[in-house]
Amino acid sequence: AQRVTQPEKLLSVFKGAPVELKCNYSYSGSPELFWYVQYSRQRLQLLLRHISRESIKGFTADLNKGETSFHLKKPFAQEEDSAMYYCALSGYNKLIFGAGTRLAVHP
Amino acid sequence: DTAVSQTPKYLVTQMGNDKSIKCEQNLGHDTMYWYKQDSKKFLKIMFSYNNKELIINETVPNRFSPKSPDKAHLNLHINSLELGDSAVYFCASSPKPNYEQYFGPGTRLTVT
């Protein structure tokens, strides 16, 4: 069955520290993966999609099919990065979201 | 020129009432969705329409009924509201099913 796992509910770091938000997936076909971000009391916004291999706001994510992972990374966290981050897998006419990880960046 | 809009933004009502939430997108997308985000921030899909046809109906109580009068609109009607219905409801749209989705601002429903 298709599933997205984000093992950390909360990730707390200091400003300037590296960040890695973990995402593992289970999917029988060829996956299409996304990261969405939700700032406090705002709508979800698309942050990254794996097919475009882009870097947005300093974040990158690489699809590792061997480890079935799509971890989100940023070398130097900023306070404005504090938000909920959702990993999502596209398949069967819908996005399957992970439970989300709250990133808290402290000054 | 908001892409996906929802009304109302906040909705406070009593148990047993019937209420509706409206969603509109001006992106020309074929597919629209309703999600429920609970107090733990877990996001769960409820319904999806593609070209006005229902394509996803997750295990949602019959009290919830979506309606898509045209491709740009997907409304959610809820009958006999219960305390457990309190949540933030997000509408989203995508060009086609399985494509990236664009979300509305959410409707915070509080049932007292």
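For the structure itself, consult the block above.
The structure displayed is predicted, hence computed values, not measured ones.

Considering the pattern of salt bridges
Then, in step 1: For the structure on display, the rule yields nine salt bridges over all chains.
Then, in step 2: Residues Glu20(A) and Lys22(A) are paired through a salt bridge, measuring 3.2 Å at the closest nitrogen-oxygen approach.
Then, in step 3: Overall, the relative accessible area of 29% leaves Glu20(A) in the partly exposed class.
Then, in step 4: Note on Lys22(A): relative accessible area 29%, which makes it partly exposed.
Then, in step 5: The residue Glu58(B) makes a salt bridge to Lys94(A) at a minimum N-O spacing of 3.1 Å. Remark: Lys94(A) occurs in strand β10 (residues 94-97) and Glu58(B) occurs in the loop between β6 (53-57) and β7 (64-70); the pair is interchain, linking two chains.

Things to note about the interface of chain A and chain B
The parts lose accessible area when they come together, and the size of an interface is often stated as this lost area.
Then, in step 1: Each side of the interface is counted separately: chain A has 20 residues, and chain B has 24 residues.
Then, in step 2: Summing the contributions of chain A and of chain B, the shared interface buries around 1,800 Å²; its carbon and sulfur component is 50%.
Then, in step 3: The largest share of the area that chain A buries against chain B comes from Arg43(A), Asn93(A) and Lys94(A), three residues that together contribute 33% of it.
Then, in step 4: Between the two partners, chain A and chain B, sit two salt bridges.
Then, in step 5: There are 11 residue pairs in polar contact (both at pLDDT 80 or more) connecting chain A and chain B.
Then, in step 6: Counting only elements with at least two residues in the side of chain A that touches chain B, the list comes to β5 (32-38), β6 (45-49), β9 (83-91) and β10 of chain A.
Then, in step 7: Here the side of chain A that touches chain B gets four residues from one element, more than from any other, and that element is β9(A).
Then, in step 8: Split into classes, the residues belonging to the side of chain A that touches chain B amount to 10 nonpolar, five polar and five charged.

What counts and what doesn't
Residues numbered from 1 in each chain as written. Chains lettered and ligands numbered in written order. Predicted model: local features only at pLDDT ≥ 70, side-chain atom pairs only at ≥ 80, totals over all residues. Heavy atoms only, no water. Salt bridge = Lys/Arg side-chain N within 4 Å of Asp/Glu carboxyl O. Buried < 20%, exposed > 50% of the residue type's maximum accessible area, 1.4 Å probe, protein only. Helix = DSSP H or I, 4+ residues; strand = E, 2+ residues; numbered from the N terminus. Contact = heavy atoms within 4.5 Å. Buried area = accessible area lost by both parts, 1.4 Å probe. Polar contact = N/O pair within 3.5 Å; in protein donor to acceptor, adjacent residues only side chain to side chain. Nonpolar A, V, L, I, M, F, W, Y, C, P; charged D, E, K, R; others polar.

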